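# An overview of the molecular structure
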Amino acid sequence: MKVRPNISIINAMIRITAGFATLAWITSKMVRRPHRDSYKLVALLAGMKIAEGILRYCPMTAGFERFQEYRNDHNSENNHYNFDFDDFEAKANGDNGAESYNPS
């Protein structure tokens, strides 16, 4: 697996800032109650945000991009997954010549 930057500089700066702010906040909370497990989890997540900002790589973004590529490849092979939302709106408005069903 090749790790290449997949987030922008601005996005990385925001992640670093948010990560350090969250880490500072949760560290101050851990001073008063050091044995709370939820604080440790939030500190771990804040550290992950800092790491994402430094490396400019987000695994969630990479996974979403891979899913989009897979879905586009899969849709091009099987055209029955391609939905056109305009068709749904036309049927809902009764533009296809048939009476629309109203259960009320």
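Above this text sits the structure in question.
Residues numbered from 1 in each chain as written. Predicted model: local features only at pLDDT ≥ 70, side-chain atom pairs only at ≥ 80, totals over all residues. Heavy atoms only, no water.

## With respect to helix H2 (residues 37-55)
For the record, the criterion: Strands are runs of DSSP state E lasting at least 2 residues, helices are runs of H or I lasting at least 4, and numbering of each runs from the N terminus. Multiply 1.5 Å by the residue count of a helix minus one, and that product is the helix's expected span.
The end-to-end C-alpha distance of H2 is 27 Å, a good match for the 27 Å that 19 residues give at a rise of 1.5 Å each. Just downstream of H2 lies Arg56, where phi reads positive at about 60 degrees.

## Focus on the pattern of salt bridges
The line we're drawing: The term salt bridge refers to a side-chain nitrogen of Lys or Arg lying within 4 Å of a carboxyl oxygen of Asp or Glu. Whether a residue is buried, partly exposed or exposed follows from its accessible area with a 1.4 Å probe, protein chains only, as a fraction of its type maximum: under 20%, in between, or over 50%, in that order.
Scanning the model with the defined rule gives two salt bridges in all. We note a salt bridge from Glu52 to Arg15, for which the minimum N-O separation is 2.6 Å. With Glu52 in helix H2 and Arg15 in helix H1 (residues 9-32), this residue pair connects regions lying 37 residues apart in the sequence. With a relative accessible area of 9%, Glu52 lands in the buried category. As a salt-bridge pair, Glu52 and Lys49 come within 3.1 Å of each other at their nearest N and O atoms. Taken together, the residues span about one helical turn, with Glu52 and Lys49 both in helix H2 at a distance of three residues. Connected through salt bridges with shared partners, the residues Arg15, Lys49 and Glu52 form a single ionic network.

## Quick notes on the packing of H1 against H2
When two helices pack together, their arrangement is given by the angle between the helix axes and by the axis-to-axis distance. The cut-off we apply is this: Under this scheme, a helix contributes an axis fitted over its contacting stretch, all axes are lines through C-alpha atoms, and angles between N-to-C directions fall in the 0 to 180 degree range. Relative orientations are named as follows: roughly parallel for angles under 35 degrees, roughly antiparallel for angles over 145 degrees, roughly perpendicular for angles from 65 to 115 degrees, and oblique for any other angle. Crossings are assigned a handedness: left-handed for a near helix turned anticlockwise from the far helix by less than a right angle, right-handed for a clockwise turn. The contact criterion used is simple: two residues touch if any of their non-hydrogen atoms lie within 4.5 Å. When residues are grouped by polarity, Ala, Val, Leu, Ile, Met, Phe, Trp, Tyr, Cys and Pro land in nonpolar, Asp, Glu, Lys and Arg in charged, and all others, Gly among them, in polar.
Two elements in contact, H1 and H2, have axes whose closest approach is 7 Å; the angle formed by their N-to-C orientations is 155 degrees. Classed by the angle they form, the pair H1 and H2 counts as roughly antiparallel. Helix-helix and strand crossings are classified by hand; for H1 and H2 the assignment is left-handed. Along the contact surface, H1 presents Ala12, Arg15, Ile16, Gly19, Phe20, Thr22, Leu23, Trp25, Ile26, Lys29 and Met30, while H2 presents Tyr39, Lys40, Val42, Ala43, Ala46, Lys49, Ile50, Glu52, Gly53 and Ile54. Counted by class, the contact of H1 with H2 contains 13 nonpolar, three polar and five charged residues.

## So, a nonpolar patch on the surface
Worth spelling out the cut-off: Patch membership requires over 30% relative accessible area and the absence of a salt bridge. Like charges are linked within 9 Å, and nonpolar side chains (Val, Leu, Ile, Met, Phe, Trp, Tyr) within 5 Å. Calculation of accessible area relied on Shrake-Rupley with a 1.4 Å probe; when residues are assessed, cover is drawn exclusively from the protein chains displayed.
On the surface, Leu41, Leu44, Leu45 and Met48 cluster together to form a nonpolar patch covering roughly 390 Å² of accessible area. By secondary structure assignment, the location of Leu41 is in helix H2.

## Points about the packing of aromatic side chains
Quick note on the threshold: Within 6.5 Å between ring centres, the rings of Phe, Tyr and Trp (the latter by its six-membered ring) count as paired, and their orientation is classed by plane angle as stacked under 30 degrees, edge-to-face over 60, tilted in between. Distance and angle both matter: a charge sits over a ring if NZ of Lys or CZ of Arg is within 6 Å of the ring centre and within 35 degrees of the ring normal.
As enumerated under the stated definition, the model contains zero aromatic pairs in all. The ring of Tyr39 is capped by Arg36, whose NZ or CZ atom sits 5.3 Å from the centre of that ring.

## Points about H1
With 24 residues, H1 extends 35 Å from end C-alpha to end C-alpha; this agrees with the ideal 34 Å at 1.5 Å per step. Turning to H1, its buried residues number three or more, namely Ala12, Arg15, Gly19 and Ile26.

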